[in-house]
Each structure stands twice: as C-alpha cells, then as structure tokens.
Number of protein chains: 2
Amino acid sequence: MKGYLTYLILWNLSQTRMNGAQITREFEKRRGTKPSPGTIYPALKELKTKGLITVDDKKTYSLTIDGENELKSACKLFCKIFYDAKEMSEFCK
Amino acid sequence: MKGYLTYLILWNLSQTRMNGAQITREFEKRRGTKPSPGTIYPALKELKTKGLITVDDKKTYSLTIDGENELKSACKLFCKIFYDAKEMSEFCK
DNA sequence: TGATGAATATTGGGTAACCGATAAATATAA
DNA sequence: TTATATTTATCGGTTACCCAATATTCATCA
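The paragraphs below set out a description of the structure included in this document. Because the structure is a prediction, the values reported are computed rather than measured. (Residues numbered from 1 in each chain as written. Chains lettered and ligands numbered in written order. Predicted model: local features only at pLDDT ≥ 70, side-chain atom pairs only at ≥ 80, totals over all residues. Heavy atoms only, no water.)

What to know about the protein's contact with DNA strand C
Using the following cut-off: One heavy atom within 4 Å of a molecule or strand makes the whole residue count as near it. The term polar contact refers here to a pair of N or O atoms within 3.5 Å; inside protein, the definition further demands a hydrogen-donor-capable atom paired with an acceptor-capable atom, and it admits residues adjacent in sequence only when both atoms are side-chain atoms. For the purposes of this entry, the term helix denotes a DSSP run of H or I that reaches at least four residues, the term strand denotes a run of E that reaches at least two, and both are numbered from the N terminus. Gly counts as polar in this scheme, as do all residues outside two lists: the nonpolar Ala, Val, Leu, Ile, Met, Phe, Trp, Tyr, Cys and Pro, and the charged Asp, Glu, Lys and Arg.
Around DNA strand C lies a shell of 21 residues, among which Gly 38 and Thr 39 of chain A together with Ala 21, Lys 59 and Tyr 61 of chain B are the nearest. Take the atoms of DNA strand C that sit within 4 Å of the protein: sugar and phosphate atoms are 60% of them. Here a phosphate oxygen of DNA strand C sits 2.2 Å away from a polar atom, N or O, in the side chain of Thr 39 of chain A. Contact between DNA strand C and Tyr 61 of chain B: a phosphate oxygen at 2.8 Å from a side-chain N or O atom of the residue. Of all elements in the fold, only helix 3 (37-49) of chain A together with helix 2 (20-31) and helix 3 (37-49) of chain B reach the threshold of two or more residues within the surface near DNA strand C. Ranked by residue count, the leading element in the surface near DNA strand C is helix 3 of chain B, at 5 residues. Its residues placed into classes, the surface near DNA strand C shows 8 nonpolar, 7 polar and 6 charged.

Some points on the layout of surface pockets
For the record, the criterion: Detection works on a 1 Å grid of protein atoms alone, calling trapped sets that fit a 1.4 Å probe cavities and calling open sets with protein on both sides within 12 Å along at least five of seven lines pockets, with lining residues defined by an atom within 4 Å of a point. Grid points are joined across faces, edges and corners, and a volume is the space filled by probe spheres set on the points.
Considered as a void within the structure, the largest pocket measures approximately 330 Å³ in volume. Phe 82, Ala 85 and Lys 86 of chain A together with Ala 85 and Lys 86 of chain B are the residues nearest the centre of the largest pocket, which is lined by 14 residues in total. For the lining of the largest pocket, the per-class residue count stands at 10 nonpolar, 2 polar and 2 charged.

Focus on the packing of aromatic side chains
Note on aromatic pairs: each is described by the distance of the centres and the angle between the planes. The criterion, for reference: Working definition: a ring pair exists when centres of Phe, Tyr or Trp rings (six-membered ring for Trp) sit within 6.5 Å. Plane angles under 30 degrees give stacked, over 60 give edge-to-face, the rest tilted. Note on classification: 1.4 Å probe, protein chains only; a residue is buried when its accessible area is under 20% of the maximum for its type, exposed when over 50%, partly exposed between these limits.
What the rule picks out here adds up to 11 aromatic pairs over all chains. Here Phe 78 of chain A and Phe 78 of chain B contribute two aromatic rings whose centre-to-centre distance is 6.5 Å and whose plane-to-plane angle is 15°, an arrangement assigned as stacked. One end of the pair, Phe 78 of chain A, is in helix 4 (residues 65-81); the other, Phe 78 of chain B, is in helix 4 (residues 65-81), on a second chain. Across this residue pair, the class does not change: Phe 78 of chain A and Phe 78 of chain B are buried. Here Phe 78 of chain B and Phe 82 of chain B contribute two aromatic rings whose centre-to-centre distance is 5.0 Å and whose plane-to-plane angle is 50°, an arrangement assigned as tilted. Residue class for Phe 78 of chain B comes out buried when judged on its relative accessible area of 5%.

Topic: the pattern of salt bridges
Let me state the cut-off plainly: In the sections that follow, a salt bridge refers to a side-chain nitrogen of Lys or Arg positioned within 4 Å of a carboxyl oxygen of Asp or Glu.
Across all of its chains, the model carries 12 salt bridges over all chains by this definition. A salt bridge links Glu 46 of chain B to Lys 50 of chain B, with the nearest nitrogen and oxygen atoms 3.2 Å apart. Here Glu 46 of chain B falls in the partly exposed class, since its relative accessible area comes to 41%. Taken together, the salt bridges that share partners define one network made up of Glu 26, Lys 29 and Arg 30 of chain A together with Asp 84 of chain B.

Remember, this is a structural readout, not a statement about activity or role.
Here's what the structure looks like:
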C-alpha cells in the first residue's frame with residue numbers, strides 16, 4: 001500500500017501540532033517501520049508549498065485552513081473507498 | 001491515495017467471486033470513478049501469477065488459500081495503520 | 001449467420017510515492 | 001568549548017501503481 005502518507009500527515013496534524021521527528025514516530029507506530037527522512041521531509045515541503053501546512057520557528061508544523069479543507073475531502077473519499085473498514089477489522093482477527 | 005487497488009481486489013474477492021467487469025463496477029462505487037481496463041486486468045494477472053487468485057472457465061476470479069492468508073496480513077496492516085479510521089469518519093461529517 | 005455491444009486482455013508508458021545515502025543544522029551534555 | 005546525539009534537509013534514483021489506447025474474445029440478438 002502506497003499513497004496514504006500525505007493523507008496521514010494531514011490527519012496527524014489535524015489532531016495535534018508536530019515537528020518532523022514526531023511525525024516520523026507516529027508513522028513508525030502505525031506501520032511498524034520508520035519512514036526515511038527522504039520520505040517525510042520532501043512530503044512536508046510539498047504540503048507547505050501547496051499551502052496546506054505551515055511551520056513556525058520551532059519547526060512545528062500545523063494545518064492551515066486550506067489544509068483542513070483538503071483533509072476533509074480526502075477523509076470523505078477515504079471513508080467512501082473503505083466504507084466497510086469495520087468488516088475488514090473483523091476479518092483479520 | 002494510491003496503492004489500495006490490489007488490496008481491495010483481494011478484499012472484494014474474499015466477499016464473493018467476481019469477474020473483471022464486476023470488480024470494475026465495485027471500484028466505481030467506492031471511488032466514484034471507473035478504473036481503466038489497463039488498471040484492472042494487469043492487476044488480476046499479477047495476482048494470478050502470484051497464486052493469490054484463480055480463474056475458472058467463466059472468467060470468474062476467486063481467492064486461493066494463499067490469497068486469503070495474504071489478505072489477512074494485509075488486512076492486519078491496514079487496520080494497524082488506520083486504527084483510528086472511526087475518528088476519521090467522524091471528522092469528515 | 002452476421003453484427004453489435006460488452007467483457008477481457010495487452011502494450012507501452014507516465015508519474016507519484018518512497019527510499020537510501022549523505023549532509024547540514026540544531027540541541028544536549030560533558 | 002568540544003563532543004555527541006537528534007533533527008532537519010537535499011539529492012538521485014527506483015519502482016509500484018495506474019492509465020489511455022488498442023486489440024481481441026465472447027455474448028446476444030436481429
């Protein structure tokens with residue numbers, strides 16, 4: 001499975017402000033493996049240039065309004081695609 | 001979001017046996033857009049060569065035992081990565 | 001039977017997503 | 001300060017993922 005990284009960065013930042021290292025740890029928890037810095041920082045950079053996130057002087061990232069809207073529609077699509085996620089979690093027990 | 005296609009093919013086939021056209025329609029329901037034949041059939045072919053699915057003479061695809069096991073671990077990973085999917089569905093309401 | 005549409009399949013890319021290696025900046029401690 | 005660890009960042013490259021276009025097979029019906 002690829003492609004969920006950007007989405008999950010936005011999602012994580014919607015829950016709480018984080019720096020790059022924290023985001024990395026968050027992914028390590030979720031996936032089991034730690035994403036490479038070559039994965040996380042270019043992704044953050046692109047989200048920043050798109051105006052979906054901002055950084056403060058402490059290198060802490062947070063969602064912008066646009067980012068929140070973007071996340072909301074990505075979230076809707078996610079839930080539509082995986083509408084039966086609950087049954088999936090039953091299946092793999 | 002990319003990368004979920006193979007996973008969802010396996011998932012769909014675990015629910016019921018299907019031919020290519022039915023799988024295509026299933027994706028159209030989930031994503032809103034219909035995947036191209038150049039997407040769906042190469043994916044099926046690869047899953048077949050990996051021994052995860054089989055085809056009968058009516059071109060109906062179904063999971064093999066290996067496919068079911070593969071799906072199960074993919075499913076586990078999915079649920080781990082998106083453990084808070086429920087909160088996501090709340091968020092985008 | 002021939003014709004028309006649907007389903008199946010192949011081919012040849014394009015590109016987004018991600019990684020490894022490396023380097024630079026920043027913090028922490030001795 | 002020096003040294004050590006952590007965090008941030010860049011670069012080049014690879015590959016997984018998916019598509020558009022086209023071809024072929026199959027089904028249905030006039």
